Structures are given as structure tokens and as C-alpha cells.
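# Fold and contact review
This is what each chain is made of:
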Amino acid sequence: MSGVDVSQTLQSKPIVLAPHCRWALAAASARPPQPACCYAAAAKNAKKGSQKAKQEEAKKKKGIIRRPLMSKPVDDVYLTWLYKRPSYNVEEAVGMLKKFQELDFTHPKQYVYINVFLDTVLQKKKKVDPFASTVLLPYRFTDEVNKVLVFTENEQEAEIARENGAAVVGGVELIKWILEDEIQVDSYVAVPAIMPKLIPLRNKLRRKYPSTKRNSLGHDIPKMLQLFREGLEYTVEDERVIKTRIARLDMPSEQIVANLKTILEDICKFKPSSSGPFVRKLVIRSSTSEGLLLDLDGLLPEVEKVEEKEEETMEEDDEEKPVQESVST
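As the structure is a computational prediction, the values presented were derived from the model and not from experiment. (Residues numbered from 1 in each chain as written. Predicted model: local features only at pLDDT ≥ 70, side-chain atom pairs only at ≥ 80, totals over all residues. Heavy atoms only, no water.)

### Considering the pairing of strand β10 (residues 241–248)
Applied cut-off: Any two strands between which DSSP finds at least two bridges are classified as paired. A helix here means a DSSP run of H or I that spans at least four residues, while a strand means a run of E at least two residues long, and both kinds are numbered starting from the N terminus.
Pairing of strand β4 (residues 111–118) with β10, which is carried by seven bridges, proceeds in the antiparallel orientation. Of the residues in β10, the one forming a bridge with Ile114 is Thr244. Two successive antiparallel strands, strand β9 (residues 232–237) and β10, enclose a turn made up of three residues, where Asp238 displays a positive phi of approximately 55 degrees.

Below is the structure:
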């Protein structure tokens, strides 16, 4: 190397070893070490960038809104998203389900189901708590019978319970067996006199714990047994949806409609007085058919409609008050 001091070059610059060679090479330039915080900041920026990109893609997808057309289709084959979903009255919908079964050659004794969508939002960011209930339908559609346990220490009441089909009857001695899962039944009913002794079972039974709200606590043992042995139990799923079967498709249409109205009346009992319409949407289907949207007019209980009218009149009165006060002043 002409005019270059090799010893100074080797002392001033570090030696870098080539990965696949045994010879040494002097580094052309030594970069100062970078702090770890720079790499962390770069990683955060990269994550933020990816999150922003995902959010923008989601916004673009949401931005594509397919507005349904108001006119009805003229053919049986059409793109459903181009048209508003049709709604049917309950008699027409049940008739359509029966026709679907005949055309598809499916089982005539299949079950009929409903999906009830509720409005559980209240004022001040509150919601209606999910609930469960048991309702006795006017027309039974299955021979299934639930197992019911009766809590009582009165021998006469115990005999009445056995005569009316109770699976298990007893008093305090049953608590230990229930806690150890030695006894498993579908429902529990009790008479008021024994309730103070059943407190150890509150956390175990939870919503099946006997209470007057669920009609599982009282003196009329035959009535409670009939309700919980033959009744239909339903629960609110995902805080706002009720999915349950209501009948068999081979039953007369009048009986299917009667069962549906009975369930709706029971559901509307849980409607808070301060809220608006409780049932927002109702869909009916069979085991093998598509879901049909029902028209709610004539299906909801009259009590709910009366409450809506009262709320409207109260709002009108509130609007008129400021006007009257300004005129008087």
C-alpha cells in the first residue's frame, strides 16, 4: 500500500471477520452503536402503521353500503340484497312453512322455531338484565317431561307432590346431596316455610333457585309442578336474542299461532315500564326452511301498545307546557 500506514489503519478501525472466510478485513467505516429505544420506537411505529391500515380497510368495507330498492322483485329468483326484506303476517308465514315442507319432501313433524330480537337498551347507558322464564303453552307439541324436585317438610304437601309427578320430594336432608351432585333435576320448586333453610343452595342453583318471580315458590304445588314439568323454558342469549321452539309443523296453524302469541306475552312481561318497544324483530322458521320475517302488528300484547300511547301523550303534554307558560307570561 503506497503512502498508507497499515498499522495506523488497523489500530484506528476494527477488524471485521467475513462469515465464510478465514481472512480479516478492515472496516471501511465504524457506525456508532444505536440505543435500544430507537428499535422499540420503530417497532411501535410499525405496529401503529399496520393498525391504521387495518382500520382504513375496515372503514372501506363498512363504507360499501348496499341500499335495498323499494320496488318488489317480479321473479322468484333475484339478488336479495337489492330489495328490502319482505315481512309476512303470522298466518301467511306459517302457511308458507307448510308449503316449503311439501315441496322439499322433508319430515312433516319437524319443529317450528322463532328468533326474538329485543331492545334491551335503557336510559343512562343501562340495559335490561338477561332473563329466563318458563311458560305453559296452550298446545303441547312434545311428550317430553322435565324432572322437578319439591322442597317441603310437610308430609301432606309431600304426598300431593308425589301424586302430581314430582321426581324428588324432601326437605333439608336433600341439601347435601344437591351440593355433591348426587341429585340432578331440571327444576326446583319450594313452599315458603322451608326457604330460610335453603340459603346454602343459593350459589349452587343460581337462576334455578326457587323464587316468586319465576313462579317456583308458592303453596300451589300441583300448579307449579305442571308448569315446570310440561312448560317451555327459554333464555335470553347474547343479551338480546331469544331462540326457542314453539310447535311442530304438522300441527294446525291456529295452534302454532296460539303458542307463538303465548310466548310473546310472557316475554313482554319483562319489559321495563320506562323503555320503548321491547320486541324489535321476530323471525319464524322450521328445521329445514329459511327464516321468514314476521309483521309485529297484531302479535304484540295490547298492554305494550297502550304504554306506547301513554308515553306519546306524555311527550305531547311536555311539549305544550313551555308554550302555555310563554303565553301566560
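### Some remarks on the sheet that holds strand β3 (residues 87–88)
Operational definition: In what follows, a contact means two residues having at least one pair of non-hydrogen atoms within 4.5 Å. Angles shown run from 0 to 180 degrees and are taken between the N-to-C directions of axes, each axis being a line fitted to C-alpha atoms and, for helices, limited to the stretch in contact.
The strand order β3-β12-β11-β4-β10-β9-β5 describes an open sheet built from seven strands, whose pairing is mixed. Every interior strand has two partners, whereas the edge strands, β3 and β5 (132–135), have only one. Pairing analysis gives two bridges linking strand β11 (residues 279–286) to strand β12 (residues 292–294), with the strands arranged antiparallel. Directly across from Ile284, in β12, lies its bridge partner Leu292. Set on the sheet, helix α3 (residues 90–104) makes contact with β3, β4, β11 and β12; between it and β12 the angle comes to about 165 degrees.

### Here's the deal with the packing of aromatic side chains
Let me state the cut-off plainly: Paired rings are identified among Phe, Tyr and Trp, the last through its six-membered ring, by centres lying within 6.5 Å, and are further divided according to the angle between planes into stacked (under 30 degrees), edge-to-face (over 60) and tilted (the rest). Summary of the burial criterion: residues with accessible area below 20% of their type's maximum are buried, those above 50% are exposed, and those between are partly exposed, where the area comes from a 1.4 Å probe applied to protein chains only. Comment: the charge-over-ring label is applied if NZ (Lys) or CZ (Arg) is within 6 Å of the ring centre and within 35 degrees of the ring normal.
Per the stated rule, a full pass over the model turns up five aromatic pairs. Residues Tyr111 and Phe141 carry aromatic rings whose centres are separated by 5.9 Å and whose planes lie at 75 degrees to one another, so their mutual orientation is edge-to-face. You can see Tyr111 sitting in strand β4 and its partner Phe141 sitting in the loop between β5 and β6 (148–151), a full 30 residues away along the chain. You can call Tyr111 partly exposed: its relative accessible area is 22%. Overall, the relative accessible area of 7% leaves Phe141 in the buried class. Between the aromatic rings of Phe151 and Tyr188, the centroid separation amounts to 6.3 Å while the plane-to-plane angle is 15 degrees, which identifies the pairing as stacked. Pair noted here: Phe151 is in strand β6 and Tyr188 is in strand β8 (residues 187–190), with a separation of 37 residues, a long-range link. Following the ring pairs from residue to residue traces out a cluster consisting of Tyr111, Tyr113 and Phe141. For Arg245, the ring lying beneath its charged end belongs to Tyr111, and the centroid distance is 4.4 Å.

### A closer look at the environment of Phe151
On the accessibility criterion, Phe151 (0% relative accessible area) is buried. Placed 18 residues apart in sequence, Phe151 and Val169 show a C-alpha to C-alpha distance of 6.1 Å. In contact with Phe151, other than residues within four places in its own chain, are Gly170, Gly171, Leu174, Ile178, Tyr188, Val189, Ala190, Val191, Ile194, Leu198 and Leu201.

### What to know about the nonpolar core
Across soluble globular proteins, nonpolar side chains show a tendency to be buried alongside one another. Inclusion rule: Only buried residues count toward a nonpolar core, which is a set of Ala, Val, Leu, Ile, Met, Phe, Trp, Tyr and Cys residues joined through side-chain atoms within 4.5 Å.
In terms of nonpolar packing, the biggest core is built from 39 residues, with Leu118, Ile246, Leu260, Ile267, Leu282 and Ile284 touching the most fellow members. Those elements giving two or more residues to this core turn out to be α3, β4, β9, β10, α8 (253–268), β11 and β12. Setting aside chain neighbours within four positions, we find Leu282 in contact with Ile114, Asn115, Val116, Leu260, Leu264, Leu292, Leu293, Leu294, Leu296 and Leu299. In this structure, Ala161, Val189, Ala190 and Leu227 belong to the second largest nonpolar core, which totals 28 residues.

### Remarks on the pairing of β4
Within β4, six of the eight residues are buried, which leaves it mostly tucked inside the rest of the structure. Examined bridge by bridge, β4 and β11 share seven bridges and lie antiparallel to one another. Across the sheet, residue Asn115 finds its bridge partner in β11, namely Val283.

### Structural notes on the sheet that holds β6
The strand order β7-β6-β8 describes an open sheet built from three strands, whose pairing is parallel. Every interior strand has two partners, whereas the edge strands, β7 (168–170) and β8, have only one. Between one strand axis and the next, the sheet turns through 15 degrees on average, direction left out of account. Bridge count for β6 against β8 is four bridges, and the pairing is parallel. Across the sheet, the residue bridging to Phe151 is Ala190, located in β8.

### Notes on the packing of α3 against α8
The criterion, for reference: For classification purposes, angles smaller than 35 degrees are called roughly parallel, those larger than 145 roughly antiparallel, those between 65 and 115 roughly perpendicular, and all remaining angles oblique. Handedness of a crossing follows from how the near helix is turned relative to the far one, being left-handed for an anticlockwise turn of less than a right angle and right-handed for a clockwise one. Each residue is assigned to one of three groups, with Ala, Val, Leu, Ile, Met, Phe, Trp, Tyr, Cys and Pro labelled nonpolar, Asp, Glu, Lys and Arg labelled charged, and all others, Gly among them, labelled polar.
For the pair α3 and α8, the least separation of the axes is 10 Å and the interaxial angle reads 125 degrees. Put simply, α3 runs oblique to α8. As α3 runs across α8, the sense of the crossing is right-handed. The segment α3 lies against α8, with Val90, Glu91, Val94 and Lys98 engaging Ser253, Ile256, Val257 and Leu260. Of the residues contributing to the contact of α3 with α8, the split by class is five nonpolar, one polar and two charged.

### Brief notes about the pattern of salt bridges
Here is the rule we go by: Within this document, salt bridges are pairs made up of a side-chain nitrogen of Lys or Arg and a carboxyl oxygen of Asp or Glu, the two lying within 4 Å of each other.
Summed over the entire model, instances satisfying the criterion amount to ten salt bridges. The shortest N-O distance in the salt bridge between Glu239 and Lys127 comes to 3.4 Å. Taken as a pair, Glu239 in the loop between β9 and β10 and Lys127 in the loop between β4 and β5 lie far apart in primary sequence, 112 residues in all. Its relative accessible area of 42% is what places Glu239 among the partly exposed residues. With its nearest N and O atoms 3.6 Å apart, the salt bridge here joins Glu159 to Arg162. In this pair, Glu159 and Arg162 are both assigned in helix α4 (residues 155–163), three residues apart and thus about one turn of the helix distant. A cluster of three or more residues bridged by salt bridges with shared partners is formed by Glu155, Glu159 and Arg162.

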